[in-house]
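Examining the three-dimensional arrangement
Below are the chains, spelled out letter by letter.
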Amino acid sequence: MKFTTDRETLLRPLQLVTGVVERRQTLPVLANLLVVAENGNLSFTGTDMEVELVAVEGGVTIEQDGRIMIPARKFTDIWRSLPEGAEVSVQVDGDRAVVRSGRSRFSLATLPAADFPKVESGPGDLEFQLSQGDMLHLLDQVSFSMAQQDVRYFLNGMLLEVTSTYTRTVATDGHRLAICTVDVGASSAERCQVIVPRKGVIELGRLLVGGDEKITLHVGSNHIRVTRGTYTLTSKLVDGKFPDYEKVIPKDANRAIMVDRETLKQAFLRASILSNEKYRGVRLIIEGELLTIQANNPEQEEAEEVVAVAYEGDRMEIGFNVSYLLDVLNVLDTEEVRLSVSDANSSALIEGPGREDAAFVVMPMRL
């Protein structure tokens, strides 16, 4: 195998594909990229056996076809470290890949391409298209609520629900829930629900750049495949049943406060400085048109913030994890925010007025 190109052509594809490769591998072969040069195209494949990303590039001068495995991080780090605009040649000779650029020369150990593992995908039961902007919005609004290494493995991912009229994403870690919907569906779909694992969600978010360019999604019984231009991301699905999220959304949250989002966010940030580092709890006292935020810690230190709100109702005290509230305020992009509860022991429903596509639920804390 031998090919020549400039540094910029392959820099982003290499960074994206290498991002899928785990730093700590149980199988040494998974620390490598599969590089294939044939039919005038050069492709890179990286996998961790759960997620696979393939990038195909045409703007490369291929002098000799071939297939080989090259150490992912070393190869990408070399490529990144070369000067801008550098011309680079890669030639495989025996069990070595030699990278040359200007006066630089690197010799890397390789492995036979036949040993590279493939993520089994099979045919897709459902195929539909979304714009990159819509998909990125669906991910950004909910991904922070995914669980991390929860024993309830089905929470360590994101629910993707597709019907003929909408596409929806939902994520929860048992303490909070985020839901986002766009009014674009798959014409042939009834109600399809799959759980995309955390790693698949993160890599998909890195792959997308926003805008109106379409991506194609293929959803199968045990995998999802997303195609964006010359990139193809395949992820296994989590085999489990996601909780009935509609039961979690409060239906009788009749006490609502309206408040400026940025003002509330800054007040929470300041109060959180003196909250308990382990429990991160803050007490909200709503009375009249004032919201008082109180935080304290085991050293008997206290913080108090008072924010003006629009509220009609009785005095109420309720406790929350301030980190969960801040996560929601960070992804909302409206000027104001509505926080609705029914009583001091109920979950809070948080929404951006005028933005009906996303809703967030946060469980209360006992303080």
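Model, not experiment: these values are computed from the prediction. (Residues numbered from 1 in each chain as written. Predicted model: local features only at pLDDT ≥ 70, side-chain atom pairs only at ≥ 80, totals over all residues. Heavy atoms only, no water.)

1. A few points about the side chain of Thr5
Here is the rule we go by: The numbering of helices and of strands both runs from the N terminus, where a helix is a DSSP run of H or I of at least 4 residues and a strand a run of E of at least 2. When a residue's accessible area, from a 1.4 Å probe over protein chains only, is under 20% of the maximum for its type it is buried; when over 50% it is exposed; and in between it is partly exposed. Only heavy atoms enter the contact rule, under which two residues are in contact if any of them lie within 4.5 Å.
Tracing the backbone shows Thr5 in strand β1 (residues 2-6). Taking the relative accessible area as the measure of exposure, Thr5 reaches 5% and is therefore buried. The residues contacting Thr5, other than those within four sequence positions of it, are Leu10, Gly59, Val60, Trp79, Ala86, Glu87 and Val88.

2. Thoughts on the sheet that holds strand β27 (residues 355-362)
To keep it simple, the criterion reads: In this scheme, strands are said to pair when DSSP sees at least two bridges between them. Between the N-to-C directions of two axes lies an angle of 0 to 180 degrees, each axis being a line fitted to C-alpha atoms and, for a helix, fitted only over the stretch in contact.
Pairing is antiparallel in the open sheet, where nine strands are placed in the order β15-β12-β13-β14-β27-β26-β25-β19-β23. The two strands at the open ends of the sheet, each matched to only one other strand, are β15 (192-197) and β23 (310-311). Across five bridges, the pairing between strand β14 (residues 176-182) and β27 is antiparallel. Its bridge partner being in β27, Ile179 is matched across the sheet by Ala359. The strands touched by helix α3 (residues 132-140) within the sheet are β12 (157-162), β13 (167-172), β14 and β27, with β14 carrying the most contacts at an inclination of about 165 degrees. On top of the sheet, helix α6 (residues 322-331) reaches β14, β25 (336-341), β26 (348-352) and β27; it is set at about 170 degrees to β27, its chief contact.

3. Brief notes about helix α2 (residues 72-81)
Operational definition: Think of it as the arc spanned by the lines of direction from the helix axis to the C-beta atoms.
All of the buried residues along α2 are Ala72, Phe75, Thr76, Ile78 and Trp79. Projected down its long axis, α2 shows its buried positions confined to an angular sector of 155 degrees, all on one face. In α2, those exposed residues whose orientation departs by more than 90 degrees from the buried face are Lys74 and Ser81.

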